[in-house]
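For reference, the chains in residue letters:
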Amino acid sequence: MIVDDALVLRLERLAALSLEPEERTRVAADLTRFLGYVAELGESEAAAPAPHAAEDAGIVQTLRPDTVAPFAGRAEAMAGAPELDGTAFLVPRFNP
Amino acid sequence: MSGPATANVTEALARIAAHDEALGAFLAVDREGALAAARALDVEGDHGGPLTGVPVAVKDALCTRGLRTTAGSKLLAGYVPPYDATAVARLRSAGAIIVGKTNLDEFSMGSSTEHSAFHPSRNPWDPTRAPGGSSGGSAVAVAARMTPAALGSDTGGSIRQPASFTGIVGIKPTYGRVSRYGLVAFASSLDQVGVLAADVATADTVLRVISGKDPMDATSVEMPPIAPLAKESDVYGLRIGVPAEYFAEGLDPQVETRVREALRALEARGAVCVPVSLPSTRYAVATYYIVASAEASSNLSRFDGVRYGARVAGESLHEMYERTRSRGFGAEVKRRILLGTFVLSAGYYDAYYKKAMDQRRRIAQDFAQVFREVDVVCTPTTPTTAFRLGEKSDPLSMYLADIYTLPASLAGLPALSVPCGFAGALPVGLQVIGRPWDEATILRVAAATEGDFPARGALP
């Protein structure tokens, strides 16, 4: 499969990235090469595999109690924000 | 007051001061914090913890409260976490002293530390060569004996490969053995926190400290603790699987010679080597880079410049996201996000992601089959010794070098690398892969190999 600049541009939009033109061309070449390599997966036998080993071992995942608790570190957690108005994170308008 | 903890930390800081400028193991050294913690321990007296007063370095992908945590990225260059990762908190509770944060490939994506946004780390055995990655800084810190142990994380070999390249012990436990809470996520179904250490006994002690169910990570599992390592490592009667697929084209003949010598030494101790086959190994690189990139594309969507980290201003919210991410992420991270976005996108999901997930299960089944016949699987950790910095400029050639460590990660199995001699002046590692939750047996094999090939530091 050949990845061209138009496909990379579509992926950039999906991933909230914006590449420089030369960066885009390089990524297109890298993705083309990688997808050529992974085409070998298509050669593997088609039979559906059995469930994953961890499922076989019957491991039961447990969750912590879903209870509301006060969070003491609010100020510390917000201290690293790029822009604050004291209590909320500030961002640019959705549509300027 | 000066006591044993202060003496240990002072010595670690002196080694860091003497060697780190040349080697670049650390992104931050917490000199004051470490000395203060050591003094407090010395005043308190014997704390009774298994790591009392032991200096430990921590990969900068693990959150440390009040100490900058960058994940090797410009995007998090100023990020100071408000909490400790569970593995870090457990280290502190056991009396360990965190001396600093070590270098890594950005967001743990790489095998050389050359993708760190700050600087590459250098291999102490030959500073023109890479120490491996992504936990390369942790490996250098231990290999240069700046600290006796360090935490790392392993997604596809990021503990074992640098351990092999730098002549130390590195263990990635079973997926679920150690909490991932506070580990900056790369690929959540693969990421696992583990240990790099100067010797097997230290790796064993640190691993037991950080292991165990954590309510903050639903994928951590309640399991009986790892059995303590016996003083005399007995491998008599142990069945070792030796997979043909790991001794194939691309394996450096000198690496093969050292690994086969290590296997013969285990046989001399009464172990039995059995030829086995893991036929899906050939698909591991393709499978891993699809699955891990897909998960990374989702995990890294959280870095948007809103709540923490760097921000690049934009006219609209979306423009701010795009600019922040485009300037904050390095080339390799962007490449993997775009690859992951591609394999999950409409029209390509079935052909790539779904096929890779099926293949992942086949890889796990290959191991399950083999573990009916043998107790452990032994292989080279890497096909070559440490490569030169700049040598793997093509991304695919870097990915292909991970071929021997990826399968155990994809299958969620415990695996370690232990030194087994040298090829020229460079260390070679033996990889030992175990059954799920059987870290005790792979550590036992590693202790026996260590007895046959004693580890040594890279620098005087």
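First, a word on what this report is: a plain description of the structure on this page. If you're wondering where the values come from, they're calculated on a predicted model, not measured in any experiment.

Quick word on the sheet that holds strand β1 (residues 26-29) of chain B
All names here are of chain B.
Stage number 1. The strand order across the open sheet formed by eleven strands is β1-β3-β2-β4-β6-β5-β10-β11-β9-β7-β8, and the pairing between neighbours is mixed. The sheet is open, and its two borders are formed by β1 and β8 (272-276), each paired with just one other strand. Each strand axis lies, on average, 30 degrees off the axis of its neighbour in the sheet, ignoring direction.
Stage number 2. Sheet analysis places strand β9 (residues 376-380) next to strand β11 (residues 426-434), joined by five bridges and oriented antiparallel. Among the inter-strand pairings, Val376 is bridged to a residue of β11, identified as Gly434.

Comments concerning the packing of helix α1 (residues 5-14) of chain A against helix α2 (residues 21-38) of chain A
All names here are of chain A.
Stage number 1. As a packed pair, α1 and α2 sit with axes 9 Å apart at the nearest point and diverge in direction by 105 degrees. In this view, α1 runs roughly perpendicular relative to α2, as classed from their interaxial angle. Note on element contacts: α2 touches α1 through Arg24, Thr25, Val27 and Ala28, opposite Asp5, Val8 and Leu9.
Stage number 2. When its residues are assigned to classes, the contact of α1 with α2 shows four nonpolar, one polar and two charged.

Here we look at unusual backbone geometry
Glycine aside, the phi torsion of most residues is negative, and most peptide linkages are trans.
All names here are of chain B.
Stage number 1. In this chain, Gly133 is followed by Ser134 through a cis amide linkage whose omega measures 10 degrees.
Stage number 2. With respect to the element layout, Ser134 can be found in the loop between β3 (97-102) and α4 (136-143).
Stage number 3. Of note in this structure, Phe107 is not a glycine but carries a positive phi near 50 degrees.
Stage number 4. Along the chain, the position of Phe107 falls in the loop between β3 and α4.
Stage number 5. The backbone of Arg145 shows a phi angle near 55 degrees, a positive value even though the residue is not glycine.
Stage number 6. Structurally, the position occupied by Arg145 is in the loop between α4 and β4 (149-154).

Concerning the interface of chain A and chain B
Stage number 1. Listed per partner, the contact involves 43 residues of chain A and 51 residues of chain B.
Stage number 2. Elements that contribute at least two residues to the side of chain A that touches chain B include exactly α1, α2, α3 (53-56) and α4 (74-78) of chain A.
Stage number 3. Sorting elements by how many residues they give to the side of chain A that touches chain B places α2 of chain A first, with seven residues.
Stage number 4. A class-by-class count of the residues in the side of chain A that touches chain B yields 29 nonpolar, eight polar and six charged.

Some points on the environment of Tyr37 of chain A
Stage number 1. Along the chain, Tyr37 of chain A falls in helix α2.
Stage number 2. Residue Tyr37 of chain A is classed as partly exposed on the basis of its 15 C-beta neighbours within 10 Å.
Stage number 3. Setting aside residues up to four positions removed in sequence, Tyr37 of chain A forms contacts with Ala286 and Leu396 of chain B.

Observations regarding α4 of chain B
Residue and element names in this part refer to chain B.
Stage number 1. Across the eight residues of α4, eight count as buried, placing the element largely inside the fold.
Stage number 2. Among the residues of α4, Gly136, Gly137, Ser138, Ala139, Val140, Ala141, Val142 and Ala143 are the ones counted as buried.
Stage number 3. A positive backbone phi angle near 55 degrees is found at Arg145, which sits one or two residues after α4.

A look at the pairing of strand β5 (residues 169-172) of chain B
All names here are of chain B.
Stage number 1. Residues of β5 alternate between two faces, with Val169 and Ile171 on one and Gly170 and Lys172 on the opposite face, all of them buried.
Stage number 2. In this structure, β5 lies alongside strand β10 (residues 415-423), joined through three bridges in antiparallel fashion. Note that in β10 the partner of Lys172 across the bridge is Ala415.

Let's talk about the pairing of strand β6 (residues 192-197) of chain B
All names here are of chain B.
Stage number 1. Burial analysis of β6 places six of its six residues in the buried class, the great majority of the element.
Stage number 2. Side chains of β6 alternate between two faces, with Gln192, Gly194 and Leu196 and Val193, Val195 and Ala197 buried alike.
Stage number 3. Of the strand pairs in this sheet, β4 and β6 are connected by six bridges, and their pairing is antiparallel. Of the residues in β6, the one forming a bridge with Ser153 is Val193.
Stage number 4. The sheet contact formed by β5 and β6 spans three bridges and is antiparallel. Following the sheet pairing, Ile171 is matched in β6 by Val195.

The rules behind each value
Residues numbered from 1 in each chain as written. Chains lettered and ligands numbered in written order. Predicted model: local features only at pLDDT ≥ 70, side-chain atom pairs only at ≥ 80, totals over all residues. Pairing = 2+ DSSP bridges. Helix = DSSP H or I, 4+ residues; strand = E, 2+ residues; numbered from the N terminus. Axes fitted to C-alpha atoms, helices over the stretch in contact; angles between N-to-C directions. Parallel < 35°, antiparallel > 145°, perpendicular 65-115°, else oblique. Contact = placed C-beta atoms within 7 Å. Nonpolar A, V, L, I, M, F, W, Y, C, P; charged D, E, K, R; others polar. Buried ≥ 20, exposed ≤ 12 C-beta atoms within 10 Å, placed from the backbone.

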